[in-house]
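A closer look at the structure
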Amino acid sequence: MSRYNLTHLEQLESEAIFIMREVAAQFEKPVLLFSGGKDSIVMVRLAQKAFWPAKIPFPLMHIDTGHNFEETITFRDKLVEDVGTKLIVRYVEDSIKSGRAVEEKGLNPSRNGLQTITLLDAIEEFRFDAAFGGARRDEEKARAKERFFSHRDEFGQWDPKNQRPELWNIFNGKKHMGEHFRVFPLSNWTEMDVWQYIASEKLRIPSIYFSHKRTIVNRNDVLLAQSAFITLLEGEVYEEKTVRFRTVGDMTCTGAVESDAGTLEDIIQEVASARITERGARADDRRSEAAMEDRKKQGYF
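The numbering scheme is per chain: residues are counted from 1 as the chain's sequence reads. Per-residue local features of the predicted model are confined to residues with pLDDT of at least 70, and side-chain atom pairs are confined, for both listing and counting, to 80 or more; whole-chain, interface and lining totals are unaffected and use all residues. Side-chain measures were taken over the full set of non-hydrogen atoms in the model, leaving aside hydrogen atoms and water.

1. Considering the sheet that holds strand β4 (residues 130-132)
As a general point, the strands of a sheet are linked pairwise by backbone hydrogen bonds and lie either parallel or antiparallel. Here is the rule we go by: Strand pairing is assigned whenever DSSP detects at least two bridges linking the two strands. Per the convention used, a helix needs a DSSP run of H or I reaching at least four residues, while a strand needs a run of E reaching at least two, with both numbered from the N terminus. Structural elements are reduced to axes, namely lines fitted to C-alpha atoms, with helices fitted over the stretch in contact, and the angle between N-to-C directions of any two is expressed from 0 to 180 degrees.
Pairing in this open sheet of six strands is mixed, and the strands run β3-β2-β1-β4-β6-β5 from one edge to the other. Unpaired on one side and paired on the other, β3 (87-91) and β5 (149-152) mark the two borders of the sheet. Neighbour to neighbour, the strand axes of the sheet diverge by 30° on average, direction disregarded. With three bridges joining them, strand β1 (residues 30-33) and β4 adopt parallel strand pairing. Bridging across to β4, P30 finds its partner in A130.

Below, the structure written as C-alpha cells:
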C-alpha cells in the first residue's frame, strides 16, 4: 500500500517500526525500557510487528523503584510471559543498599529521581548501546527537545543544545566506546494516538488505567493513592474517590484523576476533552520549571 493511502495511525506505526529496525541494524545490544505503562505496552507490540515472525531480538528492562502499583507489576509479569521475551529487572533498593544512591530525606521521600543511577548502572552492566524509551514529545517540554536517536555521553548524560540533525529519516548512531543512545520511536505520537492504537490493536492494559474506587489524599492538587510509602502531612486526610491513572510511575509522585471512564472508548473521549497533559498529575515534574530537563541531562529516561 502506498504511504499516501495509510491512515494516521498506520503512518505512525510504520515510522516507529522503521526506527526499531534501524536500531537493530546499527547497534549490537539494544534493550527496551519497560515500565508496564501504556506507552511501553505499545512499544512491545511495535517490536513484535517489526521483527515478526521472529521473536523480539532484545530484552525488556524494568527499573524498579520498589514503590509500585501492584496492578502494574502483575500485568508486567503476565505480558512478558505471553510475549515470550526476556525481562531484566534492576532495583533502586539495591542501589541504595550498595551506597550508589541515597534515599531522600523527609516524611515523603520519592525514588523517582534515583532511577537514573540504577538505569545507568544497568546499561553499563549489560553493555547496552541503545535503549528504547516510550517518551513522546507531547508529554513535556523537555521531551519535546529530544531527537529520535538521542545521544548519551560516556557518563549517560544528555546535552539538549548539542544534538544531531535528523533529516529525511537518516539516523546517525555513531558513538565512541562507553557512549549509548536513547531511542524514542513514539516521539511523534500523542496521548490520543496511543489510546487509539491500543483500541485498534485490542491491547490489554493494567486495570488502574480504568475508573475504579481508590483511597487517595489530595496533596497540592495531586491525588496520591494510599500506600505504605506516603505519610500524611498535617491537615491531610484520606478519602475514597472514583479515579483512574493517566500515567504509571512511582506511587509517591504519580497522581490520579477523577474519572468515570470505564472503557477504552470512554478514555478516548476523556482525553479528547482534557486540557492538561497526562504528566500534569505528576508531582515530580512540579519540583521546578526545569525538573524533567534537569533529570534527563543526568541520564533519566
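2. Side note on the side chain of H67
What counts here: Accessible area is worked out with a 1.4 Å probe on protein chains only. A residue is then buried under 20% of its type maximum, exposed over 50%, and partly exposed in between. N or O atoms closer than or at 3.5 Å make up a polar contact, with two conditions inside protein: a donor-capable atom paired with an acceptor-capable one, and, for residues adjacent in sequence, both atoms drawn from side chains.
Position of H67 relative to the elements: it lies in the loop between β2 (60-64) and α3 (70-83). Taking the relative accessible area as the measure of exposure, H67 reaches 7% and is therefore buried. In this structure the side chain of H67 is engaged in a polar contact, spanning 3.4 Å, whose partner is the side chain of D250.

3. A closer look at the pattern of salt bridges
Here is the rule: The working definition used for a salt bridge is a side-chain nitrogen of Lys or Arg within 4 Å of a carboxyl oxygen of Asp or Glu.
Scanning the model with the defined rule gives 20 salt bridges in all. R204 serves as the salt-bridge partner of D82, at 2.9 Å between the closest nitrogen and oxygen. Note that D82 is positioned in helix α3 and R204 in the loop between α6 (191-201) and β7 (212-219), a separation of 122 residues in sequence. Among the ionic pairs, R100 bridges to D121, the shortest N-O distance being 2.7 Å.

4. With respect to unusual backbone geometry
Residue P53 is bonded to the preceding W52 through a cis peptide linkage, with omega at 10°. Within the secondary structure, P53 is located in the loop between α2 (38-51) and β2. Positive phi, normally seen in glycine, also occurs at W168, with a value near 55°. Structurally, W168 is set in the loop between β5 and β6 (180-183).

5. Focus on the packing of α6 against helix α7 (residues 264-273)
Note the threshold: Each angle gets one of four labels, with under 35 degrees taken as roughly parallel, over 145 as roughly antiparallel, 65 to 115 as roughly perpendicular, and the rest as oblique. Each helix crossing is assigned a hand: it is left-handed if the near helix lies turned anticlockwise from the far helix by less than a right angle, otherwise right-handed if that turn is clockwise. By definition, residues are in contact when any of their heavy atoms lie within 4.5 Å. Gly is placed with the polar residues, together with every amino acid not listed as nonpolar (Ala, Val, Leu, Ile, Met, Phe, Trp, Tyr, Cys and Pro) or charged (Asp, Glu, Lys and Arg).
Close contact between α6 and α7 brings their axes to 10 Å; oriented N to C, the two are set at 165°. Between α6 and α7, the crossing angle belongs to the class labelled roughly antiparallel. Crossing handedness for the pair α6 and α7: left-handed. Of the residues in α7, those in contact with E191, M192, W195, Q196, I198 and A199 of α6 are L264, I267, I268, V271 and A272. Among the residues forming the contact of α6 with α7, the class breakdown is nine nonpolar, one polar and one charged.

6. Some thoughts on the nonpolar core
So the rule is basically this: Put simply, buried Ala, Val, Leu, Ile, Met, Phe, Trp, Tyr and Cys residues joined by side-chain atoms within 4.5 Å make one nonpolar core.
One finds M20, L32, V42, L46, F149, W189 and W195 to be the most contacted residues of the largest nonpolar core, which totals 57 residues. Residue assignment for this core shows that the elements contributing at least two residues are α1 (8-26), α2, α3, β4, β6, α6, β8 (222-225) and α7. Looking at this core, the element that brings in the most residues is α2, giving eight residues. For L46, the residues in contact, after removing those within four places along its chain, are E13, A16, I17, M20, L186, W189 and Y197. V31, L33, M61 and A131 belong to the second largest nonpolar core, which has 15 residues in total.

7. Remarks on the domain arrangement of the chain
Let me state the cut-off plainly: Note that the domain bounds reflect an automated or database-derived domain assignment.
One can read the domain layout of the chain as domain 1 (8-194 + 290-298) and domain 2 (206-286). The gap between the C-alpha centroids of domain 1 and domain 2 is 23 Å. Taken together, the contacts link 29 residues of domain 1 with 30 residues of domain 2. Counting every contact that joins domain 1 to domain 2 gives two salt bridges. For R246, the salt bridge is made with E191, and the minimal N-O distance between the two is 2.6 Å. The interface formed by domain 1 and domain 2 holds eight residue pairs in polar contact (both at pLDDT 80 or more) in total. For the side of domain 1 that touches domain 2, the elements supplying multiple residues, two or more each, are α2, α3, α6 and α8 (291-298). For the side of domain 1 that touches domain 2, the residue count by class is eight nonpolar, ten polar and eleven charged.

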